[in-house]
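Structural description and commentary
For reference, the chains in residue letters:
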Amino acid sequence: MADISRRKDDHLELAISGDVGFKRTTTLFEHVRFVHDALPELAVAELDTSLTLMGKKLRAPILIAAMTGGSERAERINKELAQIAEERGYAFGLGSQRAMHRHPGKSATYAVRDVAPTTLVLGNLGLVQAAQMSSDDVKRLVDGVGADALCLHLNPAQELIQDDGDRDFRGGLDTLSRLLQSGVRLVVKETGCGLSASVAARVRALGVEYVDVSGAGGTSWVAVETHRASEARRPLGQAFWEWGIPTAASVALCARHGFRGIFATGGMSTGLEIAKAIALGASAGGIARRALQALESGGPDGARAFFEGIEVELRAAMLLTGSRNLAALGSAPRLVTGELAQWLELGA
Ligand SMILES: Cc1cc2nc3c(=O)[nH]c(=O)nc-3n(C[C@H](O)[C@H](O)[C@H](O)COP(=O)(O)O)c2cc1C
């Protein structure tokens, strides 16, 4: 028990103050350029940033992405961020519920429904862990926190760097298929290495309707685990620090596969980037590490100010592209250049 809690607290500490970003790899949103509309005929006050996702109404296309659970510190962070999600009409993701499964006494550290009764709440579990659990056990985890859906995270790169990480990733599609049949609503999610078109096609063919691309360009989970790894394993982490599909590329590639919803997580740092993600086909932008940093440096009010800034930028992007609502933003004219255009041409 101490092990999982310690790992989660290590992750929080490294995410807050460690050197865990990609160094050269970017999200590639810099390769999306909107066409400026100098005659928008809109007022900022009338812009509509709302959307309906999984039957829940969001007031802005923002997800506070999966981070934590399982420790006292995690409990406070979950409550504070979930409360902000409720106030501002965002979606909220819990961190991996593996600790809750192993130690039901830890459930309270994931409990957010008291502060976020109407929020779109996403539970979370590794696909590899779900493979070893019965569908009923998985359902119990989702129901136990009152989540609207379960993010199943795929994180093979992160696991390979951990000294005691998983090494066997076979049977993932079978697990997904089994859980879909049992009626659990799923979001297939990466953790910072992105989803390719091929992965998108394979999970879509099973019937998965939602993905969170969690692409490269923000937090590198290979980097996080490299800091925690034994000396013998560290060179592997150094070699794969930059591994992954940039977030913008992953969103645009997934958008070709007819999902009902795509979360664009991975290095999102401005509302303009969220606007660009929506123009590439995302439903909402997800933010993990920067939200945590804002909370831990400025408290809940610091996090509120951070998100207010994101929304101001998003509305500016909508106004300056003449987009009254998110549907209009989704089809706003944009130019795709450079490496992002190459990824789209590759289409893989
Ligand atoms: C402290 C921390 C803990 C995380 N734990 C989880 C987790 O338990 N499950 C998961 O699916 N993703 C987890 N993530 C990954 C994020 O949800 C996200 O996919 C990734 O960090 C990229 O987003 P970012 O660049 O905004 O941080 C975690 C991220 C952070 C910063």
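The structure under discussion appears in the preceding block.
Residues numbered from 1 in each chain as written. Predicted model: local features only at pLDDT ≥ 70, side-chain atom pairs only at ≥ 80, totals over all residues. Heavy atoms only, no water.

1. Focus: the overall build of the chain
Here is the rule we go by: Under the DSSP-based scheme used, a helix requires at least four consecutive residues in state H or I and a strand at least two consecutive residues in state E, with every element numbered from the N terminus. The atom set for the radius of gyration is the C-alpha atoms, and the globule formula is 2.2 Å times the number of residues raised to the power 0.38. Exposure classes here rest on a 1.4 Å probe applied to the protein chains alone. A residue is buried below 20% of its type maximum, exposed above 50%, and partly exposed in between. Throughout, a residue-residue contact means that at least one pair of heavy atoms, one from each residue, lies within 4.5 Å.
Secondary structure assignment for the chain yields 15 helices and 12 strands. By the compact-globule yardstick of 20 Å for 348 residues, the chain fits well, its C-alpha radius of gyration being 19 Å. The buried share of the chain, taken over its 348 residues, is 55%. Excluding contacts between residues fewer than 6 apart, the proportion of contacts in the chain whose partners are at least 24 apart in sequence is 79%.

2. What about the site of the ligand?
Counted only if it meets this: Any residue with a heavy atom positioned within 4 Å of a molecule or strand is treated as near that molecule or strand. Here a polar contact is taken to be a pair of N or O atoms separated by no more than 3.5 Å, where protein atoms must pair a possible hydrogen donor with a possible acceptor and residues adjacent in sequence count only if both atoms sit in side chains. In short, Shrake-Rupley with a 1.4 Å probe defines the accessible areas, and a residue's cover is counted only from the protein chains shown. We place a 1 Å grid over just the protein atoms. Points where a 1.4 Å probe fits but has no way out form a cavity, open points with protein on both sides within 12 Å along at least 5 of 7 lines form a pocket, and any residue with an atom within 4 Å of a point lines it. Assignment of a molecule to a cavity or pocket requires that more than half of its atoms lie within 2 Å of the corresponding grid points. In the scheme used here, Gly and all other residues not listed as nonpolar or charged are polar, with Ala, Val, Leu, Ile, Met, Phe, Trp, Tyr, Cys and Pro taken as nonpolar and Asp, Glu, Lys and Arg as charged.
In the vicinity of the ligand, 25 residues are found, and the nearest of them are Ala66, Ser96, Ser214, Thr219 and Gly267. Lys8 is positioned such that a nitrogen or oxygen atom in its side chain is 3.1 Å from an oxygen atom of the ligand. Measuring from an oxygen atom of the ligand, one finds a side-chain N or O atom of Lys189 at 3.0 Å. Look at the ligand: alone it shows 600 Å² of surface, and the protein chains cover 97% of it. If you map the ligand onto the pockets, it falls in the largest cavity. For the shell around the ligand, the elements supplying multiple residues, two or more each, are helix H1 (2-17) and helix H13 (289-320). Tallying contributions element by element places H1 first for the shell around the ligand, with 4 residues. Of the residues assigned to the shell around the ligand, the class counts are 9 nonpolar, 12 polar and 4 charged.

3. What to know about the pattern of salt bridges
The condition that has to hold: Take a side-chain nitrogen of Lys or Arg and a carboxyl oxygen of Asp or Glu: if they are within 4 Å of each other, that pair is a salt bridge.
All told, the structure shown has 20 salt bridges when counted by the stated rule. Measuring nitrogen to oxygen at the nearest pair gives 2.8 Å for the salt bridge that ties Lys56 to Asp148. You can see Lys56 sitting in strand E3 (residues 56-58) and its partner Asp148 sitting in the loop between helix H5 (135-144) and strand E7 (149-153), a full 92 residues away along the chain. Arg304 is the partner of Glu87 in a salt bridge, and the nearest nitrogen-oxygen pair spans 2.7 Å. Of the two residues, Glu87 is situated in helix H2 (residues 72-88) and Arg304 in helix H13; the sequence distance between them amounts to 217 residues. For Arg304, a relative accessible area of 23% gives the class partly exposed. Three or more residues are tied together by salt bridges with common partners; here these are Glu13, Arg73, Arg76, Glu80 and Glu296.

4. What to know about the layout of surface pockets
Applied cut-off: Grid points are joined across faces, edges and corners, and a volume is the space filled by probe spheres set on the points.
A volume near 720 Å³ is recorded for the largest pocket. Lining the largest pocket are 36 residues, and of these Leu154, Asn155, Pro156, Phe169 and Glu190 lie nearest its centre. The dominant element in the lining of the largest pocket, judged by the number of residues it contributes, is helix H6 (residues 156-161), at 5 residues. Split by residue class, the lining of the largest pocket holds 19 nonpolar, 11 polar and 6 charged. By volume, the second largest pocket amounts to about 270 Å³. Along its surface, the second largest pocket is lined by 15 residues, and Asp3, Arg7, Gln162, Asp164 and Arg228 are the ones closest to its centre. Per-element accounting of the lining of the second largest pocket gives the leading share, 4 residues, to H1.

5. Some thoughts on the pairing of strand E10 (residues 261-265)
Put simply, the rule is: Strand pairing follows a simple DSSP-based rule, namely that at least 2 bridges must link the two strands. When the strands point away from the viewer, a crossover counts as right-handed if the route from the first strand across the helix to the second turns clockwise.
Of all 5 residues that make up E10, 5 are buried, and the element is covered over most of its length. Both faces of E10 are covered, namely the face carrying Gly261, Phe263 and Thr265 and the face carrying Ile262 and Ala264. Pairing geometry for strand E9 (residues 210-212) and E10, over 3 bridges, is parallel. Opposite Asp212, over in E10, you have Phe263 as the bridge partner. Sheet topology note: the E10/strand E11 (residues 284-287) ladder contains 3 bridges and is parallel. The partner of Ala264 across the bridge, within E11, is Gly285. Crossover handedness for the path E10 to helix H12 (residues 271-279) to E11: right-handed.

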